[in-house]
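# Structure assessment
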Amino acid sequence: MTDAPLKLFNSLTRKLEEFQPVHAGEARVYTCGPTVYNYPHIGNMRAYVFADILGRTLSHQGLKLTHIINITDVGHLTDDADEGEDKMEKMAAEKAQSIWDIAKHYTEAYWADVKALNIRQPARWSVATDYIEDMLEFAKSIADKHCYECETGLYFDTTTVEDYGRLARAVTEEGEGRIDTVEGKRNAADFAIWRKTPRGEKRQMEWDSPWGKGAPGWHLECSVMGEKLLGFPFDIHTGGIDHREIHHPNEIAQNQAFCGCGGLSTATNSGAKIWMHNNFLVERSGKMSKSSGEFLRLQLLIDKGYHPLSYRLMCLQAHYRSELEFSWEGLTAALTRLKRMVMAAERLAQQASEAKQGQRLPSVSEFQHPKLRPLIDKFAAAMLDDLNTPIALTALEEALAVKKIDAGMKHAVVAYMDEVLGLDLFKLSRKDLRVRPKHAEISEEQIDEALERRKTARADKDFAASDAIRDELAAQGVEVMDGDPLGWEWKLT
Ligand code: AMP
Ligand code: ZN
């Protein structure tokens with residue numbers, strides 16, 4: 001992008017830090033993926049839009065990106081702090097299906113959302129149950145010095161590592177309000193590395209281990225896959241802000257134990273150099289939670305007629321570290337903003353193709369045009385400043401609005417910015433963005449045919465007939481929009 005440094009907010013130090021790759025020319029990133037016991041909600045998807053923007057920015061900086069996103073298909077309990085049931089086992093019992101079928105169904109649903117939101121494929125989707133052997137090896141290597149066994153499993157003693165909980169800034173004694181209901185646990189914050197299958201029970205997912213039949217604790221998988229696939233220390237670990245409180249402090253403790261390293265005043269002792277967390281998408285009417293029956297899925301937005309990329313834009317309109325409130329009005333506003341950009345991009349693509357064919361342009365970073373250079377710089381400065389997408393978006397819009405300039409150059413600049421923001425401006429058409437609720441039965445051909453008749457009636461000054469056609473369309477849920485500034489002739493209501 002430019003030679004200026006990329007600055008990212010490290011949750012571990014609570015400071016903006018310059019990104020310095022662990023391996024020259026590379027960026028290795030691990031993102032905590034979904035627990036596939038249910039559909040992801042749009043809040044979960046905000047976490048992956050954020051990770052995607054991070055990945056695109058690192059790639060744009062010329063770094064070779066290795067991005068891993070895991071799929072949690074075992075070990076995540078209904079409470080992050082080791083209480084309750086395994087989410088996968090619980091859902092499988094409720095649905096009377098095998099865990100494997102549940103995992104497959106919801107992993108595919110998650111991937112469909114990833115695709116719809118234009119989130120790039122990571123280097124690998126690492127599935128937790130493919131790494132059980134590695135988890136056992138990891139656990140064995142830290143068991144003697146850092147763990148103890150009790151009735152329910154093998155537990156990690158959080159007092160055996162320096163600075164436990166620094167990421168959360170939690171008071172260890174109080175274990176962040178965690179209630180110690182597990183018998184035999186030494187400290188409230190201690191957590192399960194291995195959960196034994198209770199005597200007399202049979203779990204769908206269980207494996208042999210030195211501590212009896214059972215399943216790994218949730219935190220173990222991310223330590224193991226991070227180390228195995230990226231090597232300690234890797235560059236960046238991401239997740240939602242909730243992971244800053246329990247999951248990631250526990251992962252860090254395991255990593256410290258595994259590496260035999262000291263305290264966290266040296267960030268690399270944590271397993272990663274930088275820990276980044278996106279803030280939550282919230283909903284006024286209540287908590288956004290996928291364990292709470294009805295919840296907001298991307299498919300619901302699509303069924304209501306919103307293009308999924310309007311939700312991507314909604315995410316980018318807020319900085320990833322700010323809380324973002326979801327509302328349908330907000331989504332509609334994002335859709336309108338996207339429509340305007342797409343209309344400008346459509347015109348630009350047309351002009352650019354009419355402009356000199358085969359003209360050779362320098363790379364965008366070398367453009368010196370006085371109208372474009374400041375916008376390219378503004379865009380880069382925003383992205384390099386801890387991924388400030390709200391400002392970057394304004395640079396993109398300003399670039400689309402520049403007048404009296406070579407269309408080829410302008411096209412190159414817009415494409416360059418969109419490569420980072422991923423809004424697919426040159427692939428979308430105005431038509432793709434038309435609000436089309438799933439329940440709408442009238443076809444576009446029928447609407448076009450009625451509008452043609454109406455045009456003829458109006459040309460013949462037969463206003464009664466024209467109004468009748470308008471009413472006929474209204475009865476079928478079509479609002480005719482004469483003189484709409486965005487050039488829409490109709491919308492479905
Ligand atoms: P889960 O499938 O529950 O493990 O969550 C997947 C990802 O979504 C994690 O990184 C969570 O931290 C993140 N997450 C959960 N709820 C929200 C929310 N409302 N807004 C943004 N991110 C969230
Ligand atoms: Zn994780």
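Cut-off values and rules
- Residues numbered from 1 in each chain as written.
- Chains lettered and ligands numbered in written order.
- Predicted model: local features only at pLDDT ≥ 70, side-chain atom pairs only at ≥ 80, totals over all residues.
- Heavy atoms only, no water.
- Helix = DSSP H or I, 4+ residues; strand = E, 2+ residues; numbered from the N terminus.
- Buried < 20%, exposed > 50% of the residue type's maximum accessible area, 1.4 Å probe, protein only.
- Areas by Shrake-Rupley, 256 points an atom, 1.4 Å probe, with all protein chains shown as cover.
- Donors = N, O, S within 2.8 Å, 3.2 Å for Na, K, Ca; no water.
- Pairing = 2+ DSSP bridges.
- Core = buried A, V, L, I, M, F, W, Y, C linked by side-chain atoms within 4.5 Å.
- Domains from an automatic or database assignment.
- Patch = residues over 30% accessible without salt bridge, like charges linked within 9 Å, V, L, I, M, F, W, Y side chains within 5 Å.
- Salt bridge = Lys/Arg side-chain N within 4 Å of Asp/Glu carboxyl O.
- Lys, Arg positive; Asp, Glu negative; His and termini not counted.
- Charge placed at Lys NZ, Arg CZ, Asp CG, Glu CD.
- Contact = heavy atoms within 4.5 Å.
- Buried area = accessible area lost by both parts, 1.4 Å probe.
- pLDDT = per-residue confidence, 0-100.
- Axes fitted to C-alpha atoms, helices over the stretch in contact; angles between N-to-C directions.
- Parallel < 35°, antiparallel > 145°, perpendicular 65-115°, else oblique.
- Left-handed = near helix turned anticlockwise from the far one by under 90°.
- Nonpolar A, V, L, I, M, F, W, Y, C, P; charged D, E, K, R; others polar.

In this section: the overall build of the chain. Along the chain, the regular secondary structure elements total 14 helices and 15 strands. Across its three principal axes, the chain shows a C-alpha extent of roughly 90 × 55 × 35 Å. Considering the chain as a whole, with its 493 residues, one finds that 55% of them fall into the buried category. Within the structure as shown, the chain displays about 22,000 Å² of accessible surface, and the carbon and sulfur contribution to it stands at 49%.

Further remarks concern the coordination of the zinc ion (ligand 2). Of the protein atoms, only C32 (SG), C222 (SG) and H247 (NE2) coordinate the zinc ion (ligand 2), at distances of 2.1 to 2.2 Å. The sequence pattern formed by the donor residues of the zinc ion (ligand 2) is C-x189-C-x24-H. Of this pair, C32 sits in the loop between β3 (26–31) and α1 (42–60) while C222 sits in helix α5 (residues 218–230); the two residues are 190 residues apart in sequence, bridging distant segments of the chain. Across this residue pair, the class does not change: C32 and C222 are buried.

Looking along the chain, the bond that leaves F232 and enters P233 is cis, with omega of -15°. Mapping P233 onto the fold places it in the loop between α5 and β10 (234–240). Phi at R14 takes a positive value of approximately 55°, unusual for a residue other than glycine. Along the chain, the position of R14 falls in the loop between β1 (7–10) and β2 (15–18). Exposure remark for R14: the relative accessible area of 26% places this residue in the partly exposed category.

Sheet analysis places β1 next to β2, joined by 4 bridges and oriented antiparallel. For F9, the partnering residue across the bridge sits in β2 and is L16. Linking β1 to β2, which pair antiparallel, is a turn of 4 residues; within it R14 sits at a positive phi near 55°.

Counting 133 residues, the largest nonpolar core has Y311 and L425 as the members making the most contacts within it. Looking at which domains feed residues into this core, each of domain 1 (7–278) and domain 2 (298–315 + 323–431) gives three or more. Core analysis: the second largest hydrophobic core is formed by 11 residues, I442, A450, W490 and L492 among them.

Once that is clear, we can look at a positive patch on the surface. A grouping of R347, K371, K403 and K404 is seen on the molecular surface, where their side chains present a positively charged patch. Secondary-structure assignment places K403 in the loop between α11 (389–401) and α12 (407–421).

Tallying each qualifying case throughout the model produces 28 salt bridges. Between K140 and E137 there is a salt bridge, and its shortest N-O distance comes to 3.2 Å. Of this pair, K140 and E137 both sit in helix α4 (residues 132–146), 3 residues apart, which is roughly one turn of the helix. Relative accessible area serves as the criterion here: at 41%, K140 is assigned to the partly exposed category. When the shortest N-O distance is used, the salt bridge between E206 and K202 registers 2.8 Å. With relative accessibility at 15%, the residue E206 sits in the buried group.

Bringing the domain arrangement of the chain into the picture now. Here the chain is partitioned into domain 1 (7–278), domain 2 (298–315 + 323–431) and domain 3 (440–492). Measuring from the centre of the C-alpha atoms in domain 1 to the corresponding centre in domain 2 gives 35 Å. The interface of domain 1 with domain 2 comprises 23 residues on the first partner and 24 residues on the second. Buried surface at the junction of domain 1 and domain 2, summed over both partners, amounts to about 2,000 Å²; 62% is from carbon and sulfur atoms. In this assembly, domain 1 and domain 2 are joined by 1 salt bridge. R312 is paired through a salt bridge with D52; the nearest N and O atoms lie 2.9 Å apart.

Moving on: the confidence of the model for the chain. In the predicted model, the chain carries a mean pLDDT of 91, and 94% of its residues have values of at least 70. Below a pLDDT of 50 lies the segment residues 173–177, which in the model reaches 4 contacts outside its immediate sequence neighbourhood of four places, other chains included.

Here we come to the packing of helix α9 (residues 328–354) against α12. One way to put it is that α9 packs onto α12 with a least axis distance of 8 Å and a crossing angle of 135°. Here α12 runs oblique to α9, going by the angle between their axes. Seen along the crossing, α9 lies across α12 with a hand that is left-handed. On α12, the residues touching L348, A349, Q351 and A352 of α9 are A407, G408, K410, H411 and V414. Residues belonging to the contact of α9 with α12 are distributed by class as follows: 5 nonpolar, 3 polar and 1 charged.

If you trace the 5 strands from one edge of the open sheet to the other, you get β5-β4-β3-β10-β11, paired in parallel fashion. With partners counted over all chains shown, the strands left at the sheet margins are β5 (124–127) and β11 (272–278), one partner each. Here the average twist between neighbouring strands, direction ignored, is 25°. Alignment of strand β4 (residues 64–71) against β5, held across 4 bridges, turns out to be parallel. Residue pairing across strands places I71 opposite V127, the latter belonging to β5. Across the sheet, α1 touches β3, β4, β10 and β11, and the angle it forms with β11 is around 135°.

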